[in-house]
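Each chain, letter by letter, is given below.
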Amino acid sequence: MRLEGKVALITGAGSGIGQAIVERFAAEGARVVINYRPGGKHSGEEAAKLITGRGQKATAIAANVDNRAEVEIMVQQTVATFGRLDIAVCNAGIEIKKPFQDVTDDEWHKVMGVNLYGSFLVSQAAVRQMIKQGQGGRVIFMSSVHEDIPFPGYTAYCASKGAIRMMMRNLALELAQHKITANNIAPGAISTPINEKVMKDPDALKAAAAQIPWGRFGKPEEVAAVAVFLASDEAEYVTGSTYYVDGGLTRQVPKA
Ligand code: NAD
């Protein structure tokens, strides 16, 4: 049990990578808060029931990460329920595919709002609580290989993830004095609802998998395994870096 006694808040945790992190963290002894988007198609209630049914502790909280009041109330509810907060995983994210010249202000702000501003709000509210507790903490951002490599058609998404990379690096330096670490996980192509379209099209899936040196999409559990390490006491000296979980995607050499 690597997270015994810890309280973890995971955003966007009603599906995909967030849900896998919730499962792993609970199995490692953490008490987990499953955040989900109000009115979204993935509620965290079922996952919370499943986890509490196994005798582990979990609660689901609806909150839009793009809204300061909702985020602050969520952190207050976390503390009211479990007494503290040790680990924040800023995982909620969206993408919109559009040629650069056609992206509207609304689309730009929507993607930046959830991915970047949401990560700022959640990590800030969590860090304030961790500093108050005085026992350190962990901030993990779910960025993407696109914090580094371009993705034509997804400019706002890439801009948001690239900005998270620099936000994380600043946090690592500012928060070291409080023994709070900050790191990014950068997934490659993972089988989750965000990739639903590709996964439902066998030809597109085959073509996408052929771009990955490991020859397949990653599983949400494979991302969760890295999150467990970064959240654990073992990772105390690990701060300010990005951990790629991408089957070698970012390291391949263009084919001749
Ligand atoms: P997903 O669509 O299953 O998960 C995203 C979650 O965020 C959903 O549950 C969604 O409801 C939630 N969400 C969206 N807007 C929200 C809001 N305003 N407030 C709270 N929650 C909100 O897809 P996923 O692949 O599990 O994505 C998780 C994270 O991983 C995202 O940040 C994504 O950018 C990142 N990522 C995924 C991949 C991949 O290939 N799957 C690759 C790189 C990065």
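Structural data are supplied above this passage.
Note that the coordinates shown come from a computational prediction; the quantities given were computed from them, not determined experimentally.

A closer look at the site of the ligand
The environment of the ligand is formed by 27 residues, the closest being Ser15, Asn64, Asn91, Tyr157 and Thr192. Here Ile190 contributes a backbone N or O atom positioned 2.8 Å from an oxygen atom of the ligand. Note that an oxygen atom of the ligand is positioned 2.8 Å from one of the side-chain N or O atoms of Asn195. Burial of the ligand by the surrounding chains reaches 95%, relative to a free accessible area of 810 Å². Looking at the shell around the ligand, the elements with two or more residues in it are helix H1 (16-27) and helix H5 (155-175).

Topic: the layout of surface pockets
Here the second largest pocket is characterised by a volume of approximately 340 Å³. Lining the second largest pocket are 16 residues, with Gly137, Arg138, Lys179, Thr181 and Glu236 sitting closest to its centre. Those elements that place two or more of their residues in the lining of the second largest pocket are strand E5 (137-142) and strand E6 (180-187). When the residues that make up the lining of the second largest pocket are grouped by side-chain class, the tally is three nonpolar, six polar and seven charged.

Things to note about the pairing of strand E2 (residues 31-36)
Among the six residues that make up E2, five are buried, leaving the element largely enclosed by the rest of the structure. The pairing of strand E1 (residues 7-10) with E2 spans four bridges and is parallel. By the bridge assignment, Ala8 is partnered in E2 with Val32. In the classification by handedness, the crossover that spans E1, the intervening H1 and the parallel E2 is right-handed. Tracing the backbone out of E2, into helix H2 (residues 45-53) and back to the parallel element strand E3 (residues 58-62) gives a crossover that is right-handed.

Observations regarding the side chain of Arg138
Mapped onto the secondary structure, Arg138 falls in strand E5. Although Arg138 is buried, it makes no salt bridge; Asp233 carries the closest opposite charge, 4.5 Å away. A distance of 3.0 Å separates a polar side-chain atom of Arg138 from the backbone oxygen of Ser232.

Parameters at a glance
Residues numbered from 1 in each chain as written. Predicted model: local features only at pLDDT ≥ 70, side-chain atom pairs only at ≥ 80, totals over all residues. Heavy atoms only, no water. Near = heavy atom within 4 Å. Polar contact = N/O pair within 3.5 Å; in protein donor to acceptor, adjacent residues only side chain to side chain. Areas by Shrake-Rupley, 256 points an atom, 1.4 Å probe, with all protein chains shown as cover. Helix = DSSP H or I, 4+ residues; strand = E, 2+ residues; numbered from the N terminus. 1 Å grid on protein atoms, 1.4 Å probe; cavity = no way out; pocket = protein on both sides within 12 Å on 5 of 7 lines; lining within 4 Å. Points joined across faces, edges and corners; volume = space filled by probe spheres on them. Nonpolar A, V, L, I, M, F, W, Y, C, P; charged D, E, K, R; others polar. Buried < 20%, exposed > 50% of the residue type's maximum accessible area, 1.4 Å probe, protein only. Pairing = 2+ DSSP bridges. Right-handed = clockwise from strand over helix to strand, strands pointing away. Lys, Arg positive; Asp, Glu negative; His and termini not counted. Salt bridge = Lys/Arg side-chain N within 4 Å of Asp/Glu carboxyl O.

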